[in-house]
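# Structure at a glance
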Amino acid sequence: MKEYNPEYVGTETKYVFVESPTTTPQDLAIAAYEVAMGIMIKETCFGVQVTGTPDEVARVVERLRKLDPFHVFIKDRGFPPGDERRCRANLGGSRPGYLGHEYEIGLSRFISHGLKETDTMKPEELKKSAQPFKREPPLDIGELSSIIKEET
Amino acid sequence: MAKVFIYPATSLMLSDLVARFGHKPLGSALSVREHIQAGGFDSPPLQITPEDPKKGLHWAAVEVPSGVRGRMSLYGPLIEEAEAAIIIEDSDFAFGCMGCARTNELLIFLLKQKGIPLIELSYPKTKEEGVTFVASIKTFLAELGGGEE
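A few points on the structure. Computed from a predicted model, the values in this text were never measured in an experiment.

Looking only at helices and strands, one finds six helices and four strands in chain B. Tracing chain B from N to C terminus, the helices and strands come up as β-α-β-α-α-α-β-α-β-α. For chain B, whose C-alpha radius of gyration is 16 Å, the value lies close to the compact-globule estimate of 15 Å for 149 residues. Over its C-alpha atoms, taken along the principal directions, chain B stretches across nearly 50 × 30 × 30 Å. Looking at chain B residue by residue over its 149 residues, the buried ones come to 56%. Once local pairs closer than 6 in sequence are excluded, the contacts in chain B between residues at least 24 apart make up 63%. Distance between charge centroids for chain B: 3 Å, based on 14 positive and 19 negative side chains.

Residue and element names in this part refer to chain B. Applying the stated criterion across every chain yields a total of 12 salt bridges over all chains. The shortest N-O distance in the salt bridge between R102 and E105 comes to 3.0 Å. With R102 and E105 both in helix α5 (residues 98-114), this residue pair falls three residues apart, about one helical turn. Given a relative accessible area of 39%, R102 falls into the partly exposed group. A residue is classified by how much of its surface remains accessible, and E105, at 48% relative accessible area, is partly exposed.

Analysis parameters
Residues numbered from 1 in each chain as written. Chains lettered and ligands numbered in written order. Predicted model: local features only at pLDDT ≥ 70, side-chain atom pairs only at ≥ 80, totals over all residues. Heavy atoms only, no water. Helix = DSSP H or I, 4+ residues; strand = E, 2+ residues; numbered from the N terminus. Rg over C-alpha atoms; globule rule 2.2 N^0.38 Å. Buried < 20%, exposed > 50% of the residue type's maximum accessible area, 1.4 Å probe, protein only. Contact = heavy atoms within 4.5 Å. Lys, Arg positive; Asp, Glu negative; His and termini not counted. Charge placed at Lys NZ, Arg CZ, Asp CG, Glu CD. Salt bridge = Lys/Arg side-chain N within 4 Å of Asp/Glu carboxyl O.

And the structure:
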């Protein structure tokens, strides 16, 4: 049995994703280092990870969000960067959780467009735009089988 | 500032939008962080202790599989804390093993049972739906009050 020594106790880590035609992860990393004042910044292929005390992290991520407000997305991370249980350097293959990020980043262009459009909307206009969209229900199984029968 | 539970609990977009409009997103990262910084794991790299499925009994009955109860020990406290919730229906990436699927069903059931303000949406698939998606969340969060508009 190995003793467990938690690392970075009392800190929090935030992911900062960028999916923008004008801002790169490198831009984020440089801007983050400018205001880091000693907290940990890790540049990644999708943006940066910021680790430090909650106040320091909030200060840095708010600065990064201002760089490109409609294309920068921020979320909490449970594990610190490089944690052996998550880091793909130790595991091989994609990091657990990567697929979720990959999926949602694919939708970011729609969300970015939505953020830009709603930014200047008044509350009444927002309410009007907030009508839930309904998609057509998926093809009925009976209908599908009748199509197959017709075709064969 | 309201505490808003997000489903899927690992969602980047929901977490970002809730925080962006001045509220606190409650996602799995918060529980995981608390869990791994507290220590108490007997055999790292295991990330769960024998106590966790017991804690999960508060939200799931004893005959429910331990995998669901273990997950509920992470999500349960967040649901207790939640003052509102945003749910994405049929979110493809929340798909997982049976443990995940049953926990997801239980999460949505508990959120609806709790009677807190709740909004159900789908992921946008076009730019127009993106506007609707953001406008719905922005309106919902503004109605909760206390945000930073």
